[in-house]
Amino acid sequence: LSDRDGEVCIGVNFTSSLRVEELKDRAREALNKLRFVCPIIACTVEDVVSPRWVYTPSADRDAWLKLALVEEERGASLNPYEFIQSITLKRLPYVDGNGTTILLRAYLLTTSKEGDDDSKEYGLYFHGSHSIIDAGPALHALNLMCEWISGEGMDVRIEPSEEWKNLPVDPITATGGPCKEWETTSTRLLQDFAEQNARTVTVHNLAPPSLPLNMSDPPFHYIITASESETAAVIAETKKLGVSISALFHAAHCLAMIKMNPIPEGTEVDFSGGLTIVALERYMKPPVNPRTHLISSLTLMSSRFSLAPVLMERSEKGRLIMAAKMLQERYDRYLSDPSLPHLCAAMPGMLSGVDQDRIARLGEAEAKEAPMPWCCALYNLGVVEKRLQTQHGMLTVGSMCIGGRMRNCM
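Only a predicted model underlies this, so the values are computations on that prediction, with no experimental measurement involved.

Draft legend 1. Here's a closer look at the packing of aromatic side chains. On inspection of all chains with the given rule, the structure shows 5 aromatic pairs. Plain terms: the ring middles of Phe271 and Phe305 are 5.5 Å apart, the flat faces sit at 50° to each other, and that makes the pair tilted. Separated by 34 residues along the polypeptide, Phe271 in strand β10 (residues 269-271) and Phe305 in strand β13 (residues 305-306) bring together distant segments of the chain. Of the two residues examined, Phe271 and Phe305, each falls in the buried class. One aromatic cluster in this structure is built from Phe83, Tyr94, Tyr107 and Tyr125. Above the ring of Trp64, the side-chain terminus of Arg35 is found at 4.9 Å from the ring centroid.

Draft legend 2. Structural view of the sheet that holds strand β14 (residues 391-392). A sheet is described by the order of its strands in space; here 6 strands give the open sequence β4-β7-β8-β1-β15-β14, paired in mixed fashion. Of all the strands in the sheet, the pair left with one neighbour each is β4 (69-73) and β14. Sheet topology places strand β7 (residues 104-114) next to strand β8 (residues 120-129); 8 bridges connect them, and they run antiparallel. Considered in β8, the bridge of Glu114 is made with Lys120. Strands in contact with helix α1 (residues 20-37) are β1 (7-16), β4, β7 and β8; relative to β4, the strand with the most contacts, it is inclined by about 150°.

Draft legend 3. The arrangement of the side chain of Ser303 in detail. One can find Ser303 in the loop between β12 (298-302) and β13. Beyond its immediate stretch of four places on either side in the chain, Ser303 contacts Phe271, Ser272, Gly273, Gly274, Thr276, Leu327, Arg330 and Tyr331.

Draft legend 4. Main features of the packing of helix α8 (residues 245-260) against helix α10 (residues 316-335). Where α8 contacts α10, the two axes come as close as 8 Å, and the packing angle between them is 130°. Accordingly, the angle class assigned to the pair α8 and α10 is oblique. Crossing angle aside, the handedness with which α8 passes α10 is right-handed. Along the contact surface, α8 presents Ser246, Ala247, Leu248, His250, Ala251, Ala252, Leu255, Ile258 and Lys259, while α10 presents Glu316, Arg319, Leu320, Ala323, Ala324, Leu327, Gln328 and Tyr331. Counted by class, the contact of α8 with α10 contains 11 nonpolar, 3 polar and 3 charged residues.

Draft legend 5. Geometry of the sheet that holds β10. A sheet is described by the order of its strands in space; here 3 strands give the open sequence β9-β10-β13, paired in mixed fashion. In this open sheet, the two edge strands, each paired with only one partner strand, are β9 (202-203) and β13. Sheet topology note: the β9/β10 ladder contains 2 bridges and is parallel. Each bridged residue has a counterpart across the sheet, and for Thr202 the counterpart in β10 is Val269.

Rules of the game
- Residues numbered from 1 in each chain as written.
- Predicted model: local features only at pLDDT ≥ 70, side-chain atom pairs only at ≥ 80, totals over all residues.
- Heavy atoms only, no water.
- Phe/Tyr/Trp six-rings, centres within 6.5 Å; stacked < 30°, edge-to-face > 60°.
- Helix = DSSP H or I, 4+ residues; strand = E, 2+ residues; numbered from the N terminus.
- Buried < 20%, exposed > 50% of the residue type's maximum accessible area, 1.4 Å probe, protein only.
- Lys NZ or Arg CZ within 6 Å of the ring centre and 35° of its normal.
- Pairing = 2+ DSSP bridges.
- Contact = heavy atoms within 4.5 Å.
- Axes fitted to C-alpha atoms, helices over the stretch in contact; angles between N-to-C directions.
- Parallel < 35°, antiparallel > 145°, perpendicular 65-115°, else oblique.
- Left-handed = near helix turned anticlockwise from the far one by under 90°.
- Nonpolar A, V, L, I, M, F, W, Y, C, P; charged D, E, K, R; others polar.

All we've got here are geometric facts, nothing functional implied.
Encoded structure:
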């Protein structure tokens with residue numbers, strides 16, 4: 001991923017009997033350990049055009065920690081959505097008066113309100129480049145921080161001169177090295193991916209009035225929760241149909257777009273939920289440890305398909321099932337391909353020779369002349385507790401919150 005692709009803020013609220021000053025000291029030491037175990041958080045971008053990422057061990061570790069960990073008092077209550085709204089208005093990198101630059105910062109949020117058991121609510125959040133922060137790896141990193149803050153977790157002996165040895169390996173190495181079937185299967189996979197995204201058929205979307213680039217307004221969060229019984233019923237139904245929760249949600253997205261922006265009869269259109277993200281964690285091989293592999297670790301699937309069969313269904317439920325099954329068929333095709341883990345890594349080669357700056361200029365010009373097509377990007381984090389434990393000694397995690405922005409258009 002280019003460092004210009006996006007910024008992410010992700011973190012947790014937790015309760016603890018630790019006092020603020022002790023918590024600050026523990027959080028500082030925990031981040032110090034995280035830098036040694038996951039040194040990519042101390043990298044810089046030396047060439048913003050390529051871009052070329054360079055990791056340079058800091059001679060003044062205290063100066064880096066002072067810039068990389070910030071305490072913020074949030075008053076009597078801690079609303080994570082308000083905090084993330086404020087963070088999405090910031091811009092990376094963070095730079096101090098001496099020119100020290102960082103692409104990831106940890107925020108320790110404190111409140112003045114105490115619970116009945118003398119515990120207080122706190123927050124621990126990361127804000128950084130999407131190239132470093134992926135949801136799965138970030139949850140593992142937050143879990144490590146919580147373990148160290150509570151006095152648990154892996155033993156780490158910091159040797160600054162050895163830190164560079166812990167830099168993350170590339171996605172191909174992390175997933176076991178070059179795929180044996182790459183020469184025979186990758187062509188089919190790359191061709192399908194390219195063909196789906198080069199179709200000349202119009203992609204159905206929402207097209208509100210054009211908005212200016214570099215928007216300064218904060219995002220809003222619309223939260224829908226389901227009860228345990230509702231969740232169980234939905235999961236049981238997806239199993240009967242042979243589709244995943246991700247396919248069901250993408251299908252619901254498809255139907256919502258049709259309802260909000262009806263398709264004239266006889267119009268040929270495609271649906272595309274953007275690029276469906278697949279975490280690489282399931283493909284990682286020893287000695288790579290997913291818990292300490294803090295780097296964007298993903299590959300992509302195309303979720304584009306013709307809406308003609310869906311529109312032939314008369315009922316909404318029929319359309320939902322048809323769309324979910326069509327998406328699941330595409331997912332199964334990609335997931336069964338042994339080359340999938342390396343598809344994202346191969347994409348720069350697919351784009352070699354393409355003038356990216358020219359494409360960016362054209363995109364900006366088109367945005368000024370015509371409405372921008374809008375659609376949702378859906379991400380399924382799976383079972384959060386598989387990566388982030390809720391109990392860490394004297395620290396109890398109560399909630400998790402994530403937000404992001406695409407830096408190339410906002």
